[in-house]
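Summary of the model geometry
Each chain is listed here by its residues.
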Amino acid sequence: MNTPTKLGAFGLGLAVVFTAALGLGRTVGPSTASDALAGHDQHEAPAAAAAVALPDGLQVIEDGYRLQPISSGLAVGAAKPFQFRIVGPDDKPVTDYTVSHDKDLHLIVVRRDLSGFQHVHPDRAADGTWSIPLAVAEPGQYRVFADFQPVGRADGLTLGADLPALGNYRPRPLPPAERSTTVDGYTVTLAGDLTPGGSARLSLSVSMNGKPVTDLQPYLGAYGHLVALREADLAYLHVHPDGEPGDGKTKAGPEIVFHADVPSTGNYRLYLDFQHQGKVRTAEFTATAGASPAPATPPPSASEHGADGHTHG
Ligand SMILES: [Cu+2]
């Protein structure tokens with residue numbers, strides 16, 4: 001074995017030990033993110049630390065609770081009833097829920113490319129079957145998230161399942177990161193940065209025709225509801241609003257403040273639901289935590305065009 005190889009192997013060994021130490025620190029040591037989660041969700045047992053490390057929304061079953069779709073897919077264009085159950089550890093549909101953000105259960109529907117976001121509230125039948133008329137605009141592979149808290153649990157769960165909407169799926173690239181976006185004549189501006197492995201304070205300001213909107217209406221117990229999903233695996237971030245309507249300090253706009261626990265570097269898509277003049281609208285942003293990851297699809301390069309030209313010419 002020559003010297004450079006030995007050094008290389010030694011370096012690799014060091015890297016492995018260092019990574020393992022980091023991993024241990026993340027699991028055992030309280031990070032800012034898990035602190036915030038523990039404080040908010042009342043995780044009490046040390047055994048729960050490992051569960052906290054895994055972001056929400058990546059599993060169809062967690063702690064014995066399963067998201068069980070009854071519908072085999074989603075309807076494109078015209079709405080059809082979408083039905084599902086939450087089945088508990090006792091193998092029975094869950095019928096007792098703790099209200100969170102004004103509802104027993106929040107259903108998020110989004111295509112795998114992070115387009116076509118919907119945040120809806122199904123109705124529950126006595127037997128525990130959830131149902132809502134639902135349509136998506138375009139075919140593709142979709143992810144549905146059920147965000148709920150069963151009675152008897154100190155914290156909420158977000159379970160996710162993939163469902164198809166039949167047709168020709170043409171995924172769209174993630175829109176570039178931006179600080180400002182518009183929806184129905186409203187301009188929403190984002191301040192604050194996603195912090196990998198930490199809790200980020202995000203402020204979203206709503207204006208219309210250049211004037212700050214100061215009469216936002218409470219929606220789901222807050223002046224805004226924010227959902228944040230990680231690009232590629234659609235991990236569902238834990239986000240909570242800063243203050244609530246009627247607490248004497250939270251204003252009805254133009255600024256809505258959230259705290260988001262960000263599990264890693266990468267691109268995220270943020271969806272802000274806010275209500276004004278009786279209507280709920282959704283403003284969407286792409287935001288990057290940490291250094292910008294390399295683009296998934298490199299733009300066509302001159303050499304590729306050259307090669308193509310050579311083949312055909
Ligand atoms: Cu909801």
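Residues numbered from 1 in each chain as written. Predicted model: local features only at pLDDT ≥ 70, side-chain atom pairs only at ≥ 80, totals over all residues. Heavy atoms only, no water.

1. Examining the coordination of the copper ion
The coordination sphere of the copper ion, as far as protein atoms go, consists of H106 (ND1), H119 (NE2) and H121 (NE2), spread over 1.8 to 1.9 Å. The motif formed by the donor residues of the copper ion, counted along the single chain, is H-x12-H-x1-H. Within this pair, whereas H106 is found in strand β5 (residues 105-111), its partner H119 is found in strand β6 (residues 118-120), the two being separated by 13 residues in sequence. Taking relative accessible area as the criterion, H106 reaches 3% and is therefore assigned buried. Residue H119 is classed as buried on the basis of its relative accessible area, which comes to 11%. (Donors = N, O, S within 2.8 Å, 3.2 Å for Na, K, Ca; no water. Helix = DSSP H or I, 4+ residues; strand = E, 2+ residues; numbered from the N terminus. Buried < 20%, exposed > 50% of the residue type's maximum accessible area, 1.4 Å probe, protein only.)

2. Quick notes on the pattern of salt bridges
Counted under the stated rule, the structure contains 14 salt bridges. The residue D162 makes a salt bridge to R112 at a minimum N-O spacing of 3.1 Å. On the criterion of sequence distance, the pair formed by D162 in strand β10 (residues 157-165) and R112 in the loop between β5 and β6 is long-range, its members being 50 residues apart. Judged by relative accessible area, which is 34%, D162 ranks as partly exposed. With a closest N to O distance of 3.1 Å, D184 and R281 form a salt bridge. Of this pair, D184 sits in the loop between β11 (180-183) and β12 (186-191) while R281 is found in strand β19 (residues 279-289), placing the two residues 97 residues apart along the sequence. On the basis of relative accessibility, which here comes to 47%, the residue D184 falls in the partly exposed class. With relative accessibility at 13%, the residue R281 sits in the buried group. (Salt bridge = Lys/Arg side-chain N within 4 Å of Asp/Glu carboxyl O.)

3. Digging into the environment of L194
Looking at where L194 falls in the secondary structure, it is placed in the loop between β12 and β13 (198-208). For the pair L194 and P263, spaced 69 residues apart in sequence, the C-alpha separation works out to 9.7 Å.

4. Description of unusual backbone geometry
The omega angle of the peptide bond from G253 to P254 is 0°, so this bond is cis rather than trans. Looking at where P254 falls in the secondary structure, it is placed in the loop between β16 (238-241) and β17 (255-262). A positive phi is found at D63, a non-glycine position, where the angle reads about 50°. Positionally, D63 belongs in the loop between β1 (61-62) and β2 (65-69). The backbone phi angle of L234 is positive, close to 60°, even though this residue is not glycine. Mapped onto the elements of the fold, L234 is located in the loop between β15 (225-230) and β16. Note on L234: relative accessible area 0%, which makes it buried.

5. Details of the sheet that holds strand β18 (residues 266-276)
Strands sit in the order β15-β18-β19 across an open sheet of three strands; the sheet is antiparallel. Sheet topology places β15 and β19 at the edges, where each strand pairs with a single neighbour. Averaged over neighbouring strand pairs, the angle between their axes works out to 20° when direction is ignored. Strand direction decides the pairing type here: β18 and β19, joined by eleven bridges, are antiparallel. Considered in β19, the bridge of Y268 is made with A287. (Pairing = 2+ DSSP bridges. Axes fitted to C-alpha atoms, helices over the stretch in contact; angles between N-to-C directions.)

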